[in-house]
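# Survey of secondary and tertiary structure
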Amino acid sequence: MIELYYWTTPNGHKITILLEEIGLPYTIIPVNIGAGDQFKPEFLKISPNNRIPAIVDQKPADEGAPISVFESGAILLYLAEKTGKLIPQDLRQRTQVLEWLFWQMAGLGPMAGQNHHFSTYAPEKIEYAINRYVNETGRLYAILNKQLADREFVAGDYSIADIAAYPWIVPHERQSQNLEDFPNIKRWFETIQARPATIRAYEKAEALTTQALDPDKSRNLLFNQSAKTIQP
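Let me sum up the structure you'll find in this document. Everything numeric here is computed off the predicted structure, so don't read it as measured data. (Residues numbered from 1 in each chain as written. Predicted model: local features only at pLDDT ≥ 70, side-chain atom pairs only at ≥ 80, totals over all residues. Heavy atoms only, no water.)

What follows concerns the overall build of the protein chain. Secondary structure summary: the protein chain contains 9 helices and 4 strands in total. Taken over the C-alpha trace, the protein chain has a radius of gyration of 18 Å; the compact-globule value for 232 residues is 17 Å, and the two agree within 12%. For the C-alpha atoms alone, the extent of the protein chain along its principal axes is close to 45 × 45 × 30 Å. A total of 232 residues make up the protein chain; the buried ones form 47% of that total. If you sum the accessible surface of the protein chain, you get close to 11,800 Å²; carbon and sulfur atoms cover 52% of it. Charge-centre separation for the protein chain: the mean point of 23 positive side chains lies 1 Å from the mean point of 27 negative side chains. (Helix = DSSP H or I, 4+ residues; strand = E, 2+ residues; numbered from the N terminus. Rg over C-alpha atoms; globule rule 2.2 N^0.38 Å. Buried < 20%, exposed > 50% of the residue type's maximum accessible area, 1.4 Å probe, protein only. Areas by Shrake-Rupley, 256 points an atom, 1.4 Å probe, with all protein chains shown as cover. Lys, Arg positive; Asp, Glu negative; His and termini not counted. Charge placed at Lys NZ, Arg CZ, Asp CG, Glu CD.)

Before going further, it helps to spend a moment on the packing of aromatic side chains. Enumeration over the complete set of coordinates arrives at 8 aromatic pairs. Seen in terms of ring centroids, Tyr5 and Phe43 are 6.1 Å apart; in terms of plane orientation they differ by 45 degrees. Their pairing is tilted. With a gap of 38 residues between them, Tyr5 in strand β1 (residues 2-6) and Phe43 in helix α2 (residues 41-44) connect regions that are remote in the sequence. Of the two residues examined, Tyr5 and Phe43, each falls in the buried class. Ring centres 5.7 Å apart and planes at 5 degrees place the aromatic pair Phe118 and Tyr133 in the stacked group. Note that Phe118 is positioned in helix α4 (residues 91-121) and Tyr133 in helix α5 (residues 127-147), a separation of 15 residues in sequence. Residue classification places Phe118 among the buried residues on the basis of a relative accessible area of 17%. For Tyr133, a relative accessible area of 15% corresponds to the buried category. Against the face of Tyr133 rests Arg132, its NZ or CZ located 5.4 Å from the ring centre. (Phe/Tyr/Trp six-rings, centres within 6.5 Å; stacked < 30°, edge-to-face > 60°. Lys NZ or Arg CZ within 6 Å of the ring centre and 35° of its normal.)

A few words on the side chain of Thr9. On the secondary structure map, Thr9 appears in the loop between β1 and α1 (10-22). With relative accessibility at 18%, the residue Thr9 sits in the buried group. Setting aside residues up to four positions removed in sequence, Thr9 forms contacts with Ile33 and Ile52. (Contact = heavy atoms within 4.5 Å.)

This part is about the packing of helix α3 (residues 72-83) against α4. α4 packs onto α3 with a crossing angle of 155 degrees between their chain directions and a minimal axis gap of 10 Å. The pairing of α3 with α4 is recorded here as roughly antiparallel in orientation. For the element pair α3 and α4, the recorded crossing hand is right-handed. Across the interface between the two elements, Ser72, Gly73, Leu76, Leu77 and Glu81 of α3 pack against Arg94, Leu98, Leu101 and Met105 of α4. By residue class, the composition of the contact of α3 with α4 is 5 nonpolar, 2 polar and 2 charged. (Axes fitted to C-alpha atoms, helices over the stretch in contact; angles between N-to-C directions. Parallel < 35°, antiparallel > 145°, perpendicular 65-115°, else oblique. Left-handed = near helix turned anticlockwise from the far one by under 90°. Nonpolar A, V, L, I, M, F, W, Y, C, P; charged D, E, K, R; others polar.)

Here it is as structure tokens:
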């Protein structure tokens, strides 16, 4: 059983998408970042950077004590290696998947995140900062669009490289990006959006958001959404 410490952010969505794809039993433990749950001592024991997501694998491959993993890229790699799914075994293909996984972790995620912050959340609208991160996000979109010009997915077959990038493209409008300007991304985006695992993952996010707004109304909803994955 995988315990997923989660909230409804792009980095959190990566892990629910992957878990839905690979079919590992898991349970969601909400970490309400709006309420400051990420700073609680019990969470910091498994995620010292006070960021979601994090996991605890109760049954690691070495059959030893439970293993905790923080940072979304590390979690994607850990779970893919644990199951042998969504990561190639071939050296060259695997290397390409890892390149694009780290591209997302070092580029698309941080730059789009700063885009969100200065465009939407910053108390002072700083034109230089907004322009800088909108333009850098657009540059990264252009790189991804070029990569997808001659292939269906980022690194060949569908993999953790795609799962890492997709949730950061979902809020493209908030990033001041138009997918019509990036036709290869648009085709790729719509393909992943329609995958059953992606749909289930975002249903769980919706249930958790509803629960946070109205706990009494949605307590059973979140449980039932989790049960769809845990039970065959």
